[in-house]
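# Architecture and fold: a report
Chain by chain, the residues:
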Amino acid sequence: MKKETSTSRRTFIKTAALAGFGASLFGRSSALAAPAGDIRSKAGDISATRPRPAGQKPVHALTTAPLEKVRVGVIGVGGRGRSLLRDLLAIDFVEVTALCDIRQELVDRSLKSAQTARGISPKTYAGSENAWEKLVAQDDIDVVYIATPWEWHVPMAVKAMEQGKHAFVEVAAAVTIDECWRLVDTSERTQRHCAILENCCYGENELFVLNMAREGVFGELNHAECAYIHDLRSMLFKLGTEGDWRREYHKTIDGNLYPTHGLGPVCQYMDIGRGDQMKFLVSVSSPERGLSKWLREKKPNSGRHAGERYVCGDMNTSIIKTELGRTIMLQHDVISPRPYSRINALSGTEATFFGYPPQLAIDSPARYGLSAKSSHKWISPDDLVKMRERFTHPLWDRLKERAKASGHGGMDYVMSYRLLDCIRKGITPDMTVYDAALWSCIIELSAKSVETGSMPVAVPDFTRGDWKKIKSIPIATV
Ligand SMILES: NC(=O)c1ccc[n+]([C@@H]2O[C@H](COP(=O)([O-])OP(=O)(O)OC[C@H]3O[C@@H](n4cnc5c(N)ncnc54)[C@H](O)[C@@H]3O)[C@@H](O)[C@H]2O)c1
């Protein structure tokens, strides 16, 4: 297999940017997607489920030897990596043993944080795009955290697993479907976990809804709505941050560039990949207007980006249909002037929840001793408090005090604690490589649907049929 060098990664993204998304980034023609009636069987199509290569075994129930402490190496200590590192340093059974970034000054800063917080000096690697290869080869590491730009996620995760480490990858885990399959195949071949670091699955409200769904409050689940709506216009031009690389994708892909924050939690509510599975999606994009307008009017960074052309529609909306016939509406908008939202809505035969702000309507409020009379109004704030008292997720309940200082309202700490506690105990993390691949593959699938006039596009089954027998994630406790 061709060695993936930094040059080939750079060429990959540059070619994509120059040639336009359709023919280059995903390396395929613009042939129409499979019609809805014949949705899953086009061998060679991006949607095709690929046969499991010989020698690989499923990892949905992979258990590993329990550990006394979990040793973690972190690649990428930019904005996100530093925040993750703070949480890792606050977990007593975690030992950070290695740090890496291209930028020496960021590694030095993180080393100082480790020394101050825990009196430890992890090994450090910096100065080149390939310095991380030394980190994944280091012996005293159980888990590699990857918080680098998207183009690096898969090569780093693959190499980490090949070196015997579990790979915990930031969102989205992968950009293309080929990359998703590489993660799945490597995890199955090496029998190492590849978890997506989807912190939104561990938010207070998300865990609350998950717990209510498991306890039957919603009755039979039918529909969910979710999104990543976050005005990032300013950040997309901020030098020395995500802005340095994230804007590139707006030049090449017209679809959903960041599906997992909204989708992860609702997939857990609805047991997607665990008793149900995504079948196909359709996707539409609004015109691209806002980023061009921002560039034209603000002339960020003294006009140095003049002439850039963006193709990603300001708002992308996808509708996903599942094997059991249920539906998920998923949106992406990082451009429009509006408040942050992941929507986080769930409907069943007996209740509906909407986030932003959290609101709940219940068919039989009396069953829970609430003052509400019917489902035609959201229950009152007092009633919501009563429901929270009864259905707050035990994981949140146990960790919320310790999580207070952590990012994104505490969800980041809860995520790292829980995922690493799974590794400590040797049990399967809540999010496996199949979730990482499924939630991430929406990037290419949504773009494919948009490109083909919003034709339905089948979703590959990364579990290769195992979704029928994979069990729901447990109501985790620690
Ligand atoms: N889960 C969340 O809430 C959340 C929030 C922000 C970002 N993210 C994700 O985290 C990742 C990083 O985002 P960010 O905001 O920190 O970006 P960033 O640009 O601030 O940081 C990325 C870091 O990676 C380093 N890097 C790049 N290539 C490298 C290489 N080959 N070897 C070692 N280091 C390398 C850069 O020098 C930089 O310091 C992205 O995948 C992003 O989507 C997730």
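Residues numbered from 1 in each chain as written. Predicted model: local features only at pLDDT ≥ 70, side-chain atom pairs only at ≥ 80, totals over all residues.

### Observations concerning the domain arrangement of the chain
How we decide: Either an automatic procedure or a domain database provided the assignment from which the domain bounds are taken. Contact criterion: two residues are in contact if their C-beta atoms, reconstructed from the backbone, are within 7 Å. In this text, helices come from DSSP runs of H or I with a minimum length of four residues, and strands from runs of E with a minimum of two, each type numbered from the N-terminal end.
Taken domain by domain, the chain holds domain 1 (70-197) and domain 2 (201-393 + 433-468). Between the C-alpha centres of domain 1 and domain 2 the distance comes to 26 Å. In this assembly, 18 residues from domain 1 lie in contact with 19 residues from domain 2. Considering each element in turn, the side of domain 1 that touches domain 2 owes the most residues, five residues, to helix α7 (residues 177-190).

### Examining the pairing of strand β4 (residues 143-146)
Put simply, the rule is: In this scheme every C-beta is placed from the backbone, and a residue whose C-beta has 20 or more other C-beta atoms within 10 Å is buried, one with 12 or fewer is exposed, and one in between is partly exposed. Two strands qualify as a pair provided that DSSP identifies no fewer than 2 bridges between them. Here is how to tell: hold the view so the strands point away, follow the path from the first strand over the helix to the second, and if it runs clockwise the crossover is right-handed.
Alternating residues of β4 divide into V143 and Y145 and V144 and I146, and every residue in both groups is buried. Relative to β4, strand β1 (residues 70-75) is paired through four bridges, and the arrangement is parallel. Counted as the bridge partner of V72 is V143 from β4. Between the parallel pair β4 and strand β5 (residues 166-169), the chain is carried across by helix α6 (residues 150-162), and the sense of this crossover is right-handed.

### Some remarks on the site of the ligand
Heads up, the rule is: For each residue, a C-beta atom is placed from the backbone, and the residue is labelled near a molecule or strand when this atom is within 6 Å of it. Under the scheme applied here, ten amino acids are nonpolar (Ala, Val, Leu, Ile, Met, Phe, Trp, Tyr, Cys and Pro), four are charged (Asp, Glu, Lys and Arg), and all others, including Gly, are polar.
In the vicinity of the ligand there are 27 residues, among which G76, G78, G79, R80 and E170 approach most closely. Of all the secondary-structure elements, those providing two or more residues to the shell around the ligand are α3 (79-89), β2 (94-101) and α6. Here the shell around the ligand takes three residues from α3, the largest share from any one element. Of the residues in the shell around the ligand, the class split is 12 nonpolar, eight polar and seven charged. Two domains each donate at least three residues to the shell around the ligand, and these are domain 1 (70-197) and domain 2 (201-393 + 433-468).

### Concerning the packing of α6 against α7
Let me state the cut-off plainly: Fitted lines through C-alpha atoms serve as axes, helices being fitted only where they are in contact, and the angles separating the N-to-C directions of these axes extend from 0 to 180 degrees. Roughly parallel means an angle under 35 degrees; roughly antiparallel means over 145; roughly perpendicular covers 65 to 115; every other angle is labelled oblique.
With their axes 9 Å apart at the nearest point, α6 and α7 run at an angle of 10° to one another. What the angle tells us is that α6 and α7 run roughly parallel. Between α6 and α7, the residues in contact are V154, A157, V158, M161 and E162 and E179, R182, L183, T186, S187 and T190, respectively. When grouped by side-chain class, the residues that make up the contact of α6 with α7 number five nonpolar, three polar and three charged.

### A look at the sheet that holds β4
Two strands in a sheet stick together by hydrogen bonds in their backbones, pointing the same way (parallel) or opposite ways (antiparallel). A sheet is described by the order of its strands in space; here six strands give the open sequence β3-β2-β1-β4-β5-β6, paired in parallel fashion. At either margin of the open sheet sits one strand with a lone partner, and together these are β3 (123-126) and β6 (194-196). Strand-to-strand twist of the sheet, defined as the mean angle between neighbouring strand axes without regard to direction, takes the value 20°. Contacting β1, β2, β4, β5 and β6, helix α14 (residues 411-425) runs over the sheet at an angle of about 135° to β1.

### Thoughts on α3
The condition is simple: What the arc covers is the set of directions going from the helix axis to the C-beta atoms.
For α3, the full list of buried residues reads R80, G81, L84, L85, D87 and L88. Projected down its long axis, α3 shows its buried positions confined to an angular sector of 160°, all on one face. Contacts from the buried residues of α3 go to β1, β2, α4 (104-118), β4 and α14.

### A short note on the confidence of the model for the chain
Selection criterion: What pLDDT reports is the predictor's confidence in each residue, on a scale of 0 through 100.
Summarising the model, the chain shows a mean pLDDT of 92, and 91% of its residues fall at 70 or more. In the model, residues 1-41 has pLDDT below 50 throughout and makes 57 contacts with residues more than four positions away in sequence or in other chains.

### Notes on unusual backbone geometry
Cis rather than trans, the peptide bond between V171 and A172 has omega equal to -20°. Tracing the backbone shows A172 in the loop between β5 and α7. Between Y356 and the following residue, P357, the backbone shows a cis peptide bond with an omega angle of -5°. Of note, the phi angle at S302 is positive, near 55°, even though the residue is not glycine.

### Some points on the sheet that holds strand β11 (residues 345-348)
What the eight strands build is an open sheet, ordered β13-β12-β11-β7-β10-β9-β8-β14; its pairing is mixed. Looking at the sheet topology across the chains shown, the edges are occupied by β13 (359-362) and β14 (457-458).

### So, the environment of V171
Inspection of the secondary structure assignment puts V171 in the loop between β5 and α7. The exposure class of V171 is buried, given the 22 C-beta atoms found within 10 Å. For the pair V171 and D87, spaced 84 residues apart in the sequence, the C-alpha separation amounts to 17 Å. Setting aside residues no more than four positions away along its own chain, V171 makes contact with I196, L197, E198, T260 and H261.

### Topic: the environment of L395
One can find L395 in helix α13 (residues 394-403). Between the alpha carbons of L395 and R418 there is a distance of 8.2 Å; along the sequence they are 23 residues apart. Not counting chain neighbours up to four residues away, the residues in contact with L395 comprise L207, V414, R418, A476, T477 and V478.

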